Amino acid sequence: MRVQLLVASYLFILTPYSHGDLVDEYVEHVGKVNRQKIGDSRFSSRFSRNGYSDLDLDSEKRVNLRKSVNSRRKRHVFNAELDQWTHSEVLDKDGAVVLRWQPRHQEILFRVEARTSGYIGIGFSPNGGMEDADIVIGWVDDRNGRAYLHDCHGVPKGQGSSPIRDEVDNYTLEKGMQNGTHTVLEFRRALDTCDIHDYVLNGDTVRVIWAMRDTDPQFEGDMVYHGESRGTQSLHLLGPSPVKRAESRNIKNWDITLENFEVKPNMNTIYWCKVFKAPQLDSKHHIIGYEPLIGPNHSNFVHHMIVHECQLGPNGNNQRWEAFAQQSGQLCYGQQMPLEWDKCLTPLVAWAIGAKGENFPPAVGIPIGQQRNSYYMLEIHYDNPKMKKARDTSGLRLHYTSELRPNDGGILIAGVALSNLHFIPPKQREYKTAGYCSTDCTKEVFPKEGVNVVSVMLHSHLAGRKLKLRHIRAGKELPPLAQDNHYDFNYQQSRSLFQNTVILPGDGLITECAYSTVDRTQPTLGGYSTKEEMCLAFILHYPRTELAGCYSMPPIQYFFQNLGVREFYGKNMTEIETLFLQGGNDTPQSPVTTSSPLFGYSPGDEMSPEANRRAVVALQNARDYSIDLHSQQSRNLFDELIIKEPLEFQNKSFTTHLQNIPYNEPLLTKKMEEYFYTGLHLTFCRKKDDSLAIRESIEKFPNFSAYVSRESQSQCSYRNRKTVLTTDSSSGFKPNITLGFLFIVCSVIIYF
């Protein structure tokens, strides 16, 4: 009987029409077989053991058999239908709305499954709200089972609340169905419809909004208010299919979590570090994926988490590290953090807010357990702007296996070195900065075949709007390794690459960040707080190399000159460099005027022989010199620097000078952007053991022909579409007006 049911199930799966009649025919067939075998005692006793007292099937058995066959068919068809969807995401915390999709060449297919018997709306929004959003609304009529789908758009704020139907429907309904609990709609649309009311779907982060109601619309335009049944979720729609989690008996988990850590209410930004001892392994294993473990109700507290590998070296004191692993941790990079923890700077895995984790492709794994006693440091950034008190148990779960992958992988960080010299003026609709990973660095460290990029996580803070990792080779820009023109601070999922991309020795990398500070009245500086800024790219690659970080920052003298200052009282520029990079003692000396021309430095002129050690310390301790220009009580290094030259700014502190710069003068701020972006960069090429692979150097920004994307050449790119078009930074800025002259002219106008 089991064999017969199985045959019937496959028969009905392969026959999509009139399966109810086929069930009836099969039930009759079973009855005929029973009657034909009336003399077979073995058959009769087998039927009796299965509960069939009659040789034929009565009405109840017939109904049960029909249900069994139909249930198997539905499950099989449902699974087959779901296999076609390459991506899926649960849009709400209760699992009531599931969105599935499949990108194709010029179009994208969607399937939405909602726990409702009424309408469901899905939209693509520039900011997570309904205003100006591209919205599609669908339902299945309870009376006749017919499915409906309307292409709509949200109206600007103040012009109403209900979405308006588009003049042209650019969404095509493929299927609609519902049962007693759920409504399912399948539809498709072009990625770019050339409709001013439709959102262009591309590789950028898109904020997907949803809303539903438990009743159908009764007439055209009858969109009953959805109440609280709504939400938003940022997604990457056009990435490659996610790598599924590997299944094997040899896969184990290592949970690296804090134990009841107290988030104090008197700190809005907390960086907490704790050392962990790795599981005792007899041989090298591979980490093949990771996922976040966020404490209950703490998803808004935890901003990012990084597991750092600690390089103990041959002289490492295992007993001391064993004691570290038993401790609860320390504030990261503060005075109380043990000096040995400076060896824990190489990232093993990195996670940021909104991300779901990552499963690595079969070709790569991150090595672990190569030493008998291995130690790692978990760094967690808690963002607590509302100054709440909480206890947290967050961390990361690493999946590792003894079944080694073909390649050892690693993470390289590229971008702007973390310091107060990362400067972003206020009142700017868009202002770009860049960190340069030099060609000399990759030439020195990467193997001849280069490294293969697996994924990239772009990272900035609240002012970040557009992020891009640019790739330069032989004077020509290649397609970006990663790009997001709709960056969402609350969704920092890593981006897997569509195709194998290699960074060769001698290639350059530029991490570009565009910020919006329209609502800020004071400059934003680099720092650890989310009110300060970062511009980083975490690059997962293979094979693993010794390179851990490739950064740049403005040379210190160049930084002050670009902001209009030539000389300070009591300190020359060498002493100021020491204060910034090392936190050295304040030893007044006679002021020394800086007279080097704006672009006249030779590599290394502005750094002492101790630059190697100071560069590492600067990256660790930048938070100690973080400047809050909003605070009236803040006393910091910029406050203590009193300007001597030029005369126009004489006797003002550098902090006061920054506050008085006329940032609403676009010519001035544009020149700032050009000088800091395409001017001189102090570059660092840092290895895993904290040494520099090559000496730090001051380099001019490279000249190259900019990459032009196909999207910018779209046949309807001139239309007023709901997307922000990319505007590449050219590499050939040739300013013909000195920035210092502009500062003096503009500032004199403001001061008088």
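Going by the structure above, here's the rest.
Predicted, not measured: the structure shown is a model, and the values here were computed from it.

(A) Inspection of empty space enclosed by the protein at higher detail. Evaluated as defined, the whole model comprises 7 cavities of 30 Å³ or more. Approximately 370 Å³ is the volume attributed to the largest cavity. Across the lining of the largest cavity, the residue classes tally to 18 nonpolar, 4 polar and 2 charged. When its volume is computed, the second largest cavity comes out at roughly 120 Å³. Forming the walls of the second largest cavity are Val-416, Leu-421, His-422, Phe-423, Thr-433, Ala-434, Ser-552, Met-553, Pro-554, Phe-676, Leu-680 and His-681.

(B) Quick look at the packing of aromatic side chains. Under the definition given, this model contains 28 aromatic pairs. Ring-pair connections join several aromatic residues into one group, and the members of that group are Phe-423, Tyr-558, Phe-559, Phe-560, Phe-568, Phe-638, Phe-654, Tyr-663 and Phe-676. Here the basic side chain of Lys-274 rests over the ring of Phe-276, its NZ or CZ set 4.7 Å away from the ring centre.

(C) A look at the nonpolar core. Grouped together as the largest cluster of nonpolar side chains are 127 residues, with contacts concentrated most on Tyr-382, Phe-560 and Phe-654. Not counting chain neighbours up to four residues away, the residues in contact with Phe-654 comprise Phe-559, Phe-560, Leu-563, Val-565, Phe-568, Phe-638, Leu-641 and Ile-643. Core analysis: the next-biggest nonpolar cluster, separate from the first, contains 30 residues, Phe-124, Ala-147, Val-206 and Leu-237 among them.

(D) Up close: the environment of Gly-176. Along the chain, Gly-176 turns up in strand 8 (residues 171-178). On the accessibility criterion, Gly-176 (23% relative accessible area) is partly exposed. For the pair Gly-176 and Arg-146, spaced 30 residues apart in sequence, the C-alpha separation works out to 7.5 Å. When neighbours within four sequence positions are excluded, Gly-176 is seen to be in contact with Val-140, Ala-147, Val-184 and Leu-185.

(E) Broad picture of unusual backbone geometry. Tyr-542 connects to Pro-543 through a cis peptide bond whose omega is -5°. The omega angle of the peptide bond from Glu-645 to Pro-646 is 5°, so this bond is cis rather than trans. Note that Pro-646 resides in the loop between strand 37 (643-645) and helix 11 (654-660). The backbone phi angle of Asp-132 is positive, close to 65°, even though this residue is not glycine. Structurally, Asp-132 is set in the loop between strand 4 (120-125) and strand 5 (134-140). Of note in the backbone geometry, Met-387 takes a positive phi value of approximately 55° without being a glycine. By secondary structure assignment, the location of Met-387 is in the loop between strand 21 (375-383) and strand 22 (390-392).

(F) Here's a closer look at the sheet that holds strand 2 (residues 97-103). Strand order in the open sheet formed by 5 strands is 1-2-3-9-8, with antiparallel pairing between adjacent strands. Of all the strands in the sheet, just strand 1 (87-90) and strand 8 have a single pairing partner and so form its edges. Ignoring which end each strand starts from, the neighbouring axes of this sheet average 15° apart. For strand 8 and strand 9 (residues 183-190), the ladder comprises 7 bridges, and the chain directions are antiparallel. When the sheet's bridge partners are listed, Met-177 is paired in strand 9 with Val-184.

(G) A look at helix 5 (residues 318-326). Restricting attention to buried positions, one finds in helix 5 the residues Trp-321, Phe-324 and Ala-325. Buried residues of helix 5, seen end-on, are gathered within an arc of 100° and therefore sit on one face of the element. Turned more than 90 degrees away from the buried face of helix 5, the exposed residues are Gln-319 and Gln-326.

(H) Geometry of the pattern of salt bridges. Applying the stated rule across the entire model yields 31 salt bridges. Between Arg-495 and Asp-484 there is a salt bridge, and its shortest N-O distance comes to 2.8 Å. Placement of Arg-495 in strand 31 (residues 495-503) and of Asp-484 in strand 30 (residues 476-484) is noted, with a sequence separation of 11 residues between them. A salt bridge links Arg-695 to Glu-696; its shortest N-O distance comes to 3.4 Å. Connected via shared salt-bridge partners are Arg-100, Arg-111, Glu-113 and Glu-186.

(I) The pairing of strand 10 (residues 205-212), seen in detail. A large share of strand 10 lies buried, amounting to 8 of its 8 residues. By the alternation rule, side chains of strand 10 split into Thr-205, Arg-207, Ile-209 and Ala-211 and Val-206, Val-208, Trp-210 and Met-212, which are all buried. By the bridge criterion, 6 bridges tie strand 4 to strand 10 in an arrangement that is antiparallel. From the neighbouring strand, Gly-121 faces strand 10, where its bridge partner is Ala-211. As judged from the 7 bridges shared by strand 10 and strand 11 (residues 230-236), these two strands associate in the antiparallel manner. When the sheet's bridge partners are listed, Ala-211 is paired in strand 11 with Arg-230.

(J) Summary view of the state of the cysteines. As enumerated under the stated definition, the model contains 5 disulfides in all. One disulfide in the model links Cys-273 with Cys-332; its S-S distance is 1.9 Å. Residues Cys-273 and Cys-332 are joined by a disulfide whose S-S torsion is about 110°; by sign, that bridge is right-handed. One end of the pair, Cys-273, is in strand 14 (residues 269-277); the other, Cys-332, is in the loop between strand 17 (330-331) and strand 18 (346-352), and 59 residues separate them in sequence. There is no split in this pair, since Cys-273 and Cys-332 are both buried.

What counts, and at which threshold
Residues numbered from 1 in each chain as written. Predicted model: local features only at pLDDT ≥ 70, side-chain atom pairs only at ≥ 80, totals over all residues. Heavy atoms only, no water. 1 Å grid on protein atoms, 1.4 Å probe; cavity = no way out; pocket = protein on both sides within 12 Å on 5 of 7 lines; lining within 4 Å. Points joined across faces, edges and corners; volume = space filled by probe spheres on them. Nonpolar A, V, L, I, M, F, W, Y, C, P; charged D, E, K, R; others polar. Phe/Tyr/Trp six-rings, centres within 6.5 Å; stacked < 30°, edge-to-face > 60°. Lys NZ or Arg CZ within 6 Å of the ring centre and 35° of its normal. Core = buried A, V, L, I, M, F, W, Y, C linked by side-chain atoms within 4.5 Å. Buried < 20%, exposed > 50% of the residue type's maximum accessible area, 1.4 Å probe, protein only. Contact = heavy atoms within 4.5 Å. Helix = DSSP H or I, 4+ residues; strand = E, 2+ residues; numbered from the N terminus. Pairing = 2+ DSSP bridges. Axes fitted to C-alpha atoms, helices over the stretch in contact; angles between N-to-C directions. Arc of directions from axis to C-beta. Salt bridge = Lys/Arg side-chain N within 4 Å of Asp/Glu carboxyl O. Disulfide = S-S within 2.5 Å.

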